[in-house]
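Descriptive analysis of the structure
Spelled out from the first residue to the last, the chains are:
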Amino acid sequence: MSTILFELGCEELPPKSLKPLRDALQTSVTEQLKDADISFDDIKSFAAPRRLAIQITGISDKQPDRTEQKRGPAIKAAFDSDGNPTRAAMGFAKGLGIEASELITINTDKGDYVGYEQTIHGQATTELLPSIFQTALDSLPIAKRMRSGDSREEFVRPVQWAVLMQDDAVIDATIQGHQTSNQTRGHRFHSPDYRKIAHATDYESLLTDLKVVADFDKRQMLIKNQVKALADEVNADAIVPQELLDEVTALVDFPIALRASFEPRFLQVPQEALISTMQADQKYFCLTDKAGKLQPYFIFITNIESTDPNQIIEGNEKVVRPRLADAEFFFLQDQKQPLFALTESLKTRVFQDKLGTIWEKSERIAKLAAFVATLMQQQGHDIEVEDTVRAAILSKADLASSLVGEYPELQGIAGTYYARLNGEPAAVADSLQEQYLPKFSGDVLPQTPIGICLALADRLDTLVGIFAIDQAPTGSKDPFSLRRSAIGILRILIEKQLPINLAALVEQAVKGYSTSDGSKIAKMGDTFTQVMGFLNSRYRAMYTEQGVSVDTIQAVQAIQPHMPLDFDQRIRAVQAFSELAQAEKLADSNKRVANILAKSEGSVADNVDEALLSETAEQELYQAVQQAQTAVKPLLETADYTQVLQTLASLDAPLTQFFADVMVNSEDAALKNNRLALLKQVRALFLTVADISELQL
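Residues numbered from 1 in each chain as written. Predicted model: local features only at pLDDT ≥ 70, side-chain atom pairs only at ≥ 80, totals over all residues. Heavy atoms only, no water.

Thoughts on the side chain of Q282
In this fold, Q282 is placed in the loop between α8 (271-280) and β17 (285-288). Owing to a relative accessible area of 16%, Q282 belongs among the buried residues under this scheme. Looking at Q282, its side chain comes within polar contact range of the side chain of R323, at 2.7 Å. The residues touching Q282, leaving out its near neighbours within four places in the chain, are T277, V319, V320 and R323. (Helix = DSSP H or I, 4+ residues; strand = E, 2+ residues; numbered from the N terminus. Buried < 20%, exposed > 50% of the residue type's maximum accessible area, 1.4 Å probe, protein only. Polar contact = N/O pair within 3.5 Å; in protein donor to acceptor, adjacent residues only side chain to side chain. Contact = heavy atoms within 4.5 Å.)

The following block contains the structure:
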């Protein structure tokens, strides 16, 4: 058992790719070692700006020997009647490089065959490793590889050195065009010269001495701890998005956090703009107070242990000041006219060539949002339709602002700031930034009633319009993010407990494209059908992500509920039903009932003639059905689907007995039709919630 060290030294690797490259390298090496049957105790990966490395401890020196069996022709074909080998046997032996006398008999279930067993001696690990590491490098997820100088080798960045060692010895190989050695390099400025690695186990400690924290996770933890300590000194909280943290970790070998400041006057600018420019352009960590308000500080990570940190701090303050001044300029420039005035330019800005301008979209959103607001009013929500229309008209105005032109991610947010400055009602102003929620899977939903209306109307209008011009998502292509929009609609209606019919919303959205000049939608009926189908198909993606089984989703989809909130309540009820002891038998019985009814000729009556119930089992089932119908009626009125299915579980015993004792397809037509009517009532009871026959229990 020994320790293996591999290191590839490069020019600075792409920071956003460093962590994925590290993980992919370790995964590939691990899989190849297992495929080669090379055992090891542990494998650890390292990643820093100029290196990727793997350290494998407790690795076996060679592959285990194995016995390999070769099977040839059947015994009957291998030997003639005198027991002499035939040409088939001799040819098989010759192919293996042995004499026919060395062949053995292999017994199988399909007969006896001639064969040969040979011992394959395992290769030395050191012989296999160069190929393993090169294969791992070749398979890394690199979008675009480059060549360095006249080398034919390709990699994400020019390679400068390669280390491959077993304990204290170099494994001689050529990897990425470089001869392997035991020489590494430290920090580009603090320790630029090559240094010898005495033993593979010394790697991490040696690099620490050379001012390189090679372990990505350790380096990241150092950054987090330093940032928190500096933030605590000014009683602030640092904004540390994971994506930014990963990128900063990938930019430095030896992280040292420093805190700088900027002029408080910039705090009048929307803090989202300041945070955006400091994070995206400068890779800074911004600080807020305990209430989330931006403070005039930022923390940055330097890669140099300076004797005069103040110079570095002052330099960063000089760099960030013009960027904050730009944001301030755009913000002040936009305030020279009210937000509503910006809507004028939307009349010439195209939303989509075939669907008109952004202004026309705003008008459609206003009509649809007003429709939703009216429904919410009727359901007891505190919302003003007039304010909703005003918010919708202003919803896209900030797209014409200078601030959003410079910082597109501030759309909606900038509108809220400007609306507040213009004295718009708080309900109107707050809704402008909420219209884009949720932005991604798991994101927060709009909180205000008007924000909910805008978020629904905007997404529905886009869905209908894009489907109408035949640009629906195909395969992995979804340029308008319609799948995300559809799930956003469903989430809002479900999680905000809004009992609104989805079909009514889509129908209203389709009507919104009709104008006095005609409709922008050629086939309104087809568009309605396609959009409804698309929205219904999103249930599966949404619920499987939550861990709901596909058959549960299909059981509810089978009855096509048009209200997402109602759909969700049925899903929860079927999940609870699946846990019942009777669930499996009832699901099977429902399948049987469905099949019998599907094969029946002609229409089945709705009512049962009690006088024709001659068998005890069918009489008992009829009584159970009558009782169940009475019991579930008030439960259905309150949409208590869980209790409905709990109640219908009582049909298990009488339904099972019915199938055991009663011949449904009786020769007596009257009896047969009456029994079919009884089963139809059983089926109808379960279909009030879902098609239980879809369950695979």
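Details of the packing of aromatic side chains
Counted by the stated rule, this structure contains 13 aromatic pairs. For the pair Y284 and F298, a centre-to-centre distance of 4.3 Å together with 15 degrees between the ring planes defines the contact as stacked. Taken together, the positions of Y284 in the loop between α8 and β17 and F298 in strand β18 (residues 294-302) put the pair 14 residues apart, joining distant regions of the chain. Residue F298 is classed as buried on the basis of its relative accessible area of 0%. Ring centres of F331 and Y418 lie 5.7 Å apart, and the angle between their planes is 20 degrees; on these two criteria the pair is classed as stacked. (Phe/Tyr/Trp six-rings, centres within 6.5 Å; stacked < 30°, edge-to-face > 60°.)

Observations concerning the sheet that holds strand β15 (residues 237-238)
As summarised here, the arrangement of the four strands in space is β15-β17-β18-β16, forming an open sheet in which the pairing is antiparallel. The two strands at the open ends of the sheet, each matched to only one other strand, are β15 and β16 (256-261). Across six bridges, β16 lies against β18 in antiparallel orientation. Bridge pairing links S261 to Y297 in β18. Each of β15, β16, β17 and β18 is contacted by helix α6 (residues 216-233), which is oriented at about 30 degrees to β16, the strand it contacts most. (Pairing = 2+ DSSP bridges. Axes fitted to C-alpha atoms, helices over the stretch in contact; angles between N-to-C directions.)

Some points on the nonpolar core
Judged by nonpolar contacts, the single largest core of 139 residues is most densely connected at M278, L403, Y543, L645, L648 and L679. Per element, the largest residue contribution to this core is 12 residues, and it comes from helix α15 (residues 449-468). Those residues within four positions of L679 in sequence are excluded, and the remaining contacts are V593, I596, L597, L655, F658, F659 and V664. Core analysis: the next-biggest nonpolar cluster, separate from the first, contains 36 residues, F6, C10, I54 and L137 among them. (Core = buried A, V, L, I, M, F, W, Y, C linked by side-chain atoms within 4.5 Å.)

Some remarks on the packing of helix α16 (residues 482-495) against helix α18 (residues 524-545)
Viewed as axis vectors pointing N to C, α16 and α18 meet at an angle of 80 degrees, and their least axial separation amounts to 9 Å. Relative to α18, the element α16 lies roughly perpendicular. Residues L482, R483, A486, I487, I489, L490, R491 and I494 of α16 form the contact with α18, whose participating residues are F534, L535, R538, Y539, A541, M542 and Y543. Broken down by class, the residue content of the contact of α16 with α18 amounts to 12 nonpolar, no polar and three charged. (Parallel < 35°, antiparallel > 145°, perpendicular 65-115°, else oblique. Nonpolar A, V, L, I, M, F, W, Y, C, P; charged D, E, K, R; others polar.)

Quick word on the sheet that holds strand β6 (residues 111-120)
Across a sheet, strands are paired by hydrogen bonds formed along the backbone, either parallel or antiparallel in direction. Spatially, β4-β6-β5 is the arrangement adopted by the three strands of the open sheet, whose pairing is antiparallel. Across the chains shown, the open sheet's two edge strands, defined by having one partner strand only, are β4 (66-74) and β5 (104-108). This sheet shows a mean twist of 45 degrees between the axes of neighbouring strands, independent of strand direction. Across seven bridges, β4 lies against β6 in antiparallel orientation. Bridging from a neighbouring strand, K70 pairs with Y116 of β6. Sheet strands in contact with helix α3 (residues 87-96) are β4 and β6, and its direction is about 155 degrees off that of β4.

Concerning the pattern of salt bridges
Enumeration according to the criterion identifies 34 salt bridges in this entry. With its nearest N and O atoms 3.0 Å apart, the salt bridge here joins K211 to E305. Placement of K211 in the loop between α5 (203-209) and α6 and of E305 in the loop between β18 and α9 (309-334) is noted, with a sequence separation of 94 residues between them. When its relative accessible area of 24% is taken as the criterion, K211 is described as partly exposed. Taking relative accessible area as the criterion, E305 reaches 40% and is therefore assigned partly exposed. The salt bridge involving R675 is made with E618; its shortest N-O contact spans 3.1 Å. Note that R675 is positioned in helix α25 (residues 669-687) and E618 in helix α22 (residues 616-637), a separation of 57 residues in sequence. (Salt bridge = Lys/Arg side-chain N within 4 Å of Asp/Glu carboxyl O.)

Notes on the side chain of E618
The class for E618 is buried, based on a relative accessible area of 0%. When sequence neighbours within four positions are dropped, the list of residues in contact with E618 reads L612, L613, F658, V662, R675 and L678.

Digging into the layout of surface pockets
As a volume, the largest pocket reaches approximately 570 Å³. Considering the residues around the largest pocket, the lining is formed by 18 residues, among which Y436, D458, T462, F480 and S485 are closest to the centre. Going through the elements one at a time, α10 (358-378), α15 and α16 are the ones with two or more residues in the lining of the largest pocket. Element by element, the count of residues in the lining of the largest pocket is highest for α15, at three residues. Here the residues of the lining of the largest pocket sort into seven nonpolar, five polar and six charged. (1 Å grid on protein atoms, 1.4 Å probe; cavity = no way out; pocket = protein on both sides within 12 Å on 5 of 7 lines; lining within 4 Å. Points joined across faces, edges and corners; volume = space filled by probe spheres on them.)

Comments concerning α25
The first and last C-alpha atoms of α25 sit 26 Å apart over 19 residues, in line with the 27 Å expected at 1.5 Å per residue. Within the sequence span of α25, burial applies to L671, N674, R675, L676, A677, L678, L679, Q681, V682, R683, L685 and F686. On the buried face of α25, the contacting elements are α21 (583-599), α22, α23 (641-648) and α24 (652-661). Residue D668 occupies the N-cap position of α25, its side-chain oxygen lying 3.0 Å from the main-chain nitrogen of A670. (Expected span 1.5 Å × (residues − 1).)

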